[in-house]
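Reading the structure
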Amino acid sequence: MTSTADYSEKIPNNVSLHEDRRLQRALESWQPNFLHWWQTMGPTLPTQDVYLRTAVNVGRDGWAQFGHVPMPEYRWGIFLAERDPGRRVGFGEHKGEPVWDKVPGEYRAELQRLIVIQGDTEPASVEQQRNLGATAPSLYDLRNLFQVNVEEGRHLWAMVYLLHAYFGREGREEAEELLHRNSGSVDSPRILGAFNEETPDWLSFFMFTYFTDRDGKYQLGTLKESAFDPLSRTCEFMLKEEAHHMMVGTTGVDRVVQRTVEVMREHDTDDVAALGAIPLPVIQKYLNFHYSVSLDLFGGETSTNVANYYTAGLKGRWLEDRRKDDHQLASDSIMVDTISEEGEIGQTEVSALVGLNTDLRREYIADCQGGVKRWNRILEEGGVRQRLKLPHVAFNRKVGAFAGIEATPDGEKLPAAEWQRRQGEWLPTDVDKTYVRSLMRPVHERGKIAAWIAPPRNGINGQPFDYDYVHLA
Ligand SMILES: [Fe+2]
Ligand SMILES: [Fe+2]
C-alpha cells in the first residue's frame, strides 16, 4: 500500500489494483458502464474543459492537482486514506480488537447494505444537478458545480470498489444497480427521499450542498469509525473531498444573502424581487425545505438496526474517539423527540444505543446552526434587521416521530387543513420557484456574475474570480 496514486493504470488507484487481476478486470468492465451513465445522466452543458482538481495523493499535503480537464476524461479513481497498522475497533462489543481487513461473514449483509445506501446517494446528486450548468451565475460557480459532480462520481467509484473487492457476485450486482436507479425515476428511484427531489435552480443547489451534503459528511463520519478498515479508510478520504462541497454551499448562500442585503440597502426596501435579487423570506423558505428534508435522511429517532450496527462495530458515532464514555453504551440513555399520548410534541428517554440516530442528528443540527449564524452576521453587518433561522425539528417531516403531524417552523402543531392552507408561508410556493427560476439566466462570460448573487471573496486554488475556469464547447 502506498499513498501515491498510480495514474499509469486504466483506473487510477492507491490500492495496488494491478496485483489483483480478477478485481481489476471486474472494475474495468464496470468502467464503461459508469462512463455511459456519466454521458447520459451527468452534466448536460457541453464543455471543452474545466479547471478541476484531481486527487493524486491521500497524504496531508498536496493531495490535489489542478488543471483544465475535459470532463469525460476526468481520472476517476480509487483512493483510500493511508492504513494505520495499529488501528483497533473503537466501540461496540469488539472494542479494542484489531480492525478487520475482510468482511466478517456474520456482518456481510449489513455492511453491504450500508455501502449500497451510501453509494446510492453519490450518483443521485449528479443526476439532480445535471441541468444546472445551463444557468450558472458565473464561470467560477460553473466550475464548482462540475467539481462537486466529478467528485460525487468518484465517491460512487469508492463504494463500487468496496462492493467489487469484498462482496463477490452480489456486490457486483449491486454496483450495476447503482447505475440503474435514477433520481426521481418512477420505476426505480434512488433509495432516499431527498435524493429524488429536483435541484432546479442555484439557490436549491447551494442549499443542497449546505444541508444535504452535510448530512453526507455526518454519515461518512460514522462509517469512518467502522471496524471494517477498508470502509473506514475510504470514508476518511471522501470526507476531505466533501469539505469542498460544503464550502460551495456555505459561501453560495453567503453570497446570495450578501447580494440581497446590498439591494435592500441600496433601494431602502425589503421587496427586492422587482430588483432582481432574492427576497429574504424566499431564502428562508428554501432553507426550511432543504433543512427539513435533510433531517429526514437521519432516519427515525430510534432504531434497533442502528443500535445493532453500533454494537457490532459497523457504524460508530460522530467523532467517536472524542466521546467520554465507555463506547459501548449498554447502560446509557438519551432523550429523543416523540409525540406524547396526548398528541403533543415532546421528548422521551430511551437507551443510548437505540437513540443513536438522534445523537447523530443532534451533531448535525448544531453544525447547521453555524451556517445560520454566519448568514445572520452578513445581515447584521449590512444593517438589516431580519434574521434567518432553522425551523423546528417537527416542521415538514416525512420520517420519524413527526411524520404523522404538521407543525409550523416555530414548532406549533397544526391541523392538517390549516397546514394545507398555510404551508406556502413556509415552503417555496410555485410563485417563489418560478421567480427564482426567472433569475437563472446563464452568465458564462469571464469575470461576470449574475445580479442575484455577490461574487466570491476568493477564486479557486489562488486563481482570480475572472480566471477562465471553464471553456464551453
Ligand atoms: Fe459524496
Ligand atoms: Fe458531496
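Here we summarise the structure given alongside this text. (Residues numbered from 1 in each chain as written. Chains lettered and ligands numbered in written order. Predicted model: local features only at pLDDT ≥ 70, side-chain atom pairs only at ≥ 80, totals over all residues. Heavy atoms only, no water.)

1. Considering the overall build of the protein chain
- Helix and strand counts for the protein chain come out as 11 helices and 7 strands.
- On C-alpha atoms alone, the protein chain measures out to a radius of gyration of 23 Å, which is about the 23 Å that the 2.2 N^0.38 rule sets for 473 residues.
- Along the three orthogonal principal directions, the C-alpha set of the protein chain runs to about 65 × 60 × 40 Å.
- Looking at the 473 residues of the protein chain, the share that counts as buried comes to 57%.
- In the protein chain, 72% of the contacts between residues at least 6 apart in sequence involve partners at least 24 apart. (Helix = DSSP H or I, 4+ residues; strand = E, 2+ residues; numbered from the N terminus. Rg over C-alpha atoms; globule rule 2.2 N^0.38 Å. Buried < 20%, exposed > 50% of the residue type's maximum accessible area, 1.4 Å probe, protein only. Contact = heavy atoms within 4.5 Å.)

2. A word on the pattern of salt bridges
- Enumeration according to the criterion identifies 25 salt bridges in this entry.
- Taking the shortest distance from any N to any O, the salt bridge between Glu 363 and Arg 323 comes out at 3.5 Å. Separated by 40 residues along the polypeptide, Glu 363 in helix H9 (residues 356–381) and Arg 323 in the loop between helix H8 (304–312) and strand S3 (333–339) bring together distant segments of the chain.
- The exposure class of Glu 363 is partly exposed, given its relative accessible area of 28%.
- Overall, the relative accessible area of 17% leaves Arg 323 in the buried class.
- Between Lys 448 and Glu 445 there is a salt bridge whose closest N-O contact spans 3.0 Å.
- Judged by relative accessible area, Glu 445 falls into the partly exposed class, the value being 48%.
- When salt bridges with common partners are traced through the structure, they connect Asp 120, Glu 127, Arg 181 and Arg 190 into a single cluster. (Salt bridge = Lys/Arg side-chain N within 4 Å of Asp/Glu carboxyl O.)

3. Some words on the coordination of the iron ion (ligand 1)
- Those protein atoms acting as donors to the iron ion (ligand 1) are Glu 122 (OE), Glu 152 (OE) and His 155 (ND1), and they sit at 2.0 to 2.2 Å.
- Here the donor residues of the iron ion (ligand 1) share one chain and are spaced in sequence as E-x29-E-x2-H.
- The distance between the iron ion (ligand 1) and the iron ion (ligand 2) comes to 3.4 Å, with Glu 152 serving as a donor to both metals. In this pair, Glu 152 and His 155 are both assigned in helix H3 (residues 139–166), 3 residues apart and thus about one turn of the helix distant. (Donors = N, O, S within 2.8 Å, 3.2 Å for Na, K, Ca; no water.)

4. So, the coordination of the iron ion (ligand 2)
- Coordination of the iron ion (ligand 2) by the protein is provided by Glu 152 (OE), Asp 213 (OD), Glu 242 (OE) and His 245 (ND1), with metal-donor distances spanning 1.7 to 2.2 Å.
- Seen from the iron ion (ligand 2), its 4 donor atoms lie at angles of 90 to 169°, and the figure they make is irregular.
- Mapped onto the polypeptide sequence, the residues donating to the iron ion (ligand 2) form the spacing pattern E-x60-D-x28-E-x2-H.
- The class for Asp 213 is buried, based on a relative accessible area of 6%. (Tetrahedral: all angles 85-135°; square planar, octahedral: opposite > 155°, others 65-115°.)

5. Considerations on the pairing of strand S4 (residues 345–351)
- The pairing of S3 with S4 spans 7 bridges and is classified as antiparallel. Bridged to Ile 334 within S4 is Val 350.
- What sits between S3 and S4 in their antiparallel hairpin is a turn of 5 residues, with Gly 343 showing a positive phi close to 85°. (Pairing = 2+ DSSP bridges.)

6. A few points about the sheet that holds strand S7 (residues 470–472)
- Reading across the sheet, the 3 strands line up as S2-S1-S7 and stay open at both edges, with antiparallel pairing between neighbours. Looking along the sheet, the strands with just one partner apiece sit at the ends: strand S2 (64–69) and S7. Averaged over all pairs of adjacent strands, the angle between strand axes in this sheet comes to 15°, irrespective of strand direction.
- Where strand S1 (residues 47–55) lies against S7, 3 bridges are found, and the strand directions are antiparallel. The residue bridging Asp 49 from the neighbouring strand is His 471, located in S7.
- Across the sheet, H3 lies against S1, S2 and S7, angled at about 60° from S1, the strand it touches most. (Axes fitted to C-alpha atoms, helices over the stretch in contact; angles between N-to-C directions.)

7. Thoughts on a positive patch on the surface
- Residues Arg 21, Arg 22, Arg 25 and Arg 172 make up a contiguous surface patch of positive charge.
- For the positive patch, the leading source of residues is helix H1 (residues 21–41), giving 3 residues.
- Structurally, the position occupied by Arg 172 is in helix H4 (residues 168–180). (Patch = residues over 30% accessible without salt bridge, like charges linked within 9 Å, V, L, I, M, F, W, Y side chains within 5 Å. Areas by Shrake-Rupley, 256 points an atom, 1.4 Å probe, with all protein chains shown as cover. Lys, Arg positive; Asp, Glu negative; His and termini not counted. Charge placed at Lys NZ, Arg CZ, Asp CG, Glu CD.)

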